[in-house]
Amino acid sequence: PAAAASSKPPYSFSSLIFMAIEDSPQKRLPVKDIYGWIVSNFPYYRTATGGWRNSVRHNLSLSKSFRRIQRDKSQSVGKGSLWCVCPEYRLALLEGLRKTHSYHGSSSCLINKPVL
DNA sequence: AAGACTGTAAACAACA
DNA sequence: GTGTTGTTTACAGTCT
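Here is what the cut-offs are and how they apply
Residues numbered from 1 in each chain as written. Chains lettered and ligands numbered in written order. Predicted model: local features only at pLDDT ≥ 70, side-chain atom pairs only at ≥ 80, totals over all residues. Heavy atoms only, no water. Near = heavy atom within 4 Å. Polar contact = N/O pair within 3.5 Å; in protein donor to acceptor, adjacent residues only side chain to side chain. Helix = DSSP H or I, 4+ residues; strand = E, 2+ residues; numbered from the N terminus. Buried < 20%, exposed > 50% of the residue type's maximum accessible area, 1.4 Å probe, protein only. Pairing = 2+ DSSP bridges. Nonpolar A, V, L, I, M, F, W, Y, C, P; charged D, E, K, R; others polar. Phe/Tyr/Trp six-rings, centres within 6.5 Å; stacked < 30°, edge-to-face > 60°.

Enquirer: How should I be thinking about the protein's contact with DNA strand C in this particular structure?
Expert: Looking at DNA strand C, the residues that line it are Val 31, Lys 32, Tyr 35, Arg 57, His 58, Ser 61, Arg 68, Gly 80, Ser 81 and Trp 83. Interatomic distance of 3.4 Å between a side-chain N/O atom of Arg 57 and a base nitrogen of DNA strand C. Contributions of two or more residues to the surface near DNA strand C are made by helix 2 (31–41) and helix 4 (52–62).

In structure tokens, the structure reads:
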């Protein structure tokens, strides 16, 4: 049913950020691409009003799970830093995802992607 | 009951 | 100058 207006995904911003980064080839993304991944995978945020981007940034800065790393300075393209998942918190994030969404069998779920 | 986690808003500096 | 990036404080609700 395409008529189903996309409601707010049940994922926390931490989870969304985590999934976005894990889904990236080099496990690191600039904020802009984190936005993009979220919008691409959760249409709700395509039209979502309000400061969800603010929340994403807030979460990146606040959470110990994510670390800001300097962009390759020989590549002057792109602004801002790259964000990655702290290895020591990765399992906890993964576990958090599985815990909150432990409904078994939904193979269409994003977290079941071979991202590990 | 208390602390962690979550979501939202907002002020602000640094930057390109 | 403007929009983006990043940090920070504050407040309320939820979960453990």
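Enquirer: Please explain the pairing of strand 2 (residues 82–85) as it appears in this structure.
Expert: Along a regular strand, successive side chains alternate from one face of the sheet to the other. Of the two faces of strand 2, the one holding Leu 82 and Cys 84 and the one holding Trp 83 and Val 85 are both buried throughout. Examined bridge by bridge, strand 1 (residues 66–69) and strand 2 share four bridges and lie antiparallel to one another. Among the inter-strand pairings, Ile 69 is bridged to a residue of strand 2, identified as Leu 82.

Enquirer: Which parts of the structure should I look at to understand the protein's contact with DNA strand B?
Expert: If you check the shell around DNA strand B, you find Lys 8, Tyr 11, Ser 12, Phe 13, Ser 14, Gly 51, Asn 54, Ser 55 and His 58 and nothing else. Protein-adjacent atoms of DNA strand B, using a 4 Å cutoff, are sugar or phosphate at a proportion of 55%. One of the backbone nitrogen or oxygen atoms of Gly 51 is found 3.3 Å away from a phosphate oxygen of DNA strand B. A distance of 2.8 Å separates a base nitrogen of DNA strand B from a polar side-chain atom of Asn 54. For the surface near DNA strand B, the element with the highest residue contribution is helix 4, accounting for three residues. Residue composition of the surface near DNA strand B, grouped by class: two nonpolar, six polar and one charged.

Enquirer: Where do I start with the packing of aromatic side chains in this structure?
Expert: One pair of aromatic rings is described through two measures. These are the centre distance and the angle between the planes. Counted under the stated rule, the structure contains six aromatic pairs. Pairing Tyr 45 with Trp 52 gives two aromatic rings, centres 4.9 Å apart and planes at 50°, and the pair type is tilted. Counting every residue linked through ring pairs, the aromatic cluster contains Phe 13, Tyr 35, Tyr 44, Tyr 45 and Trp 52.

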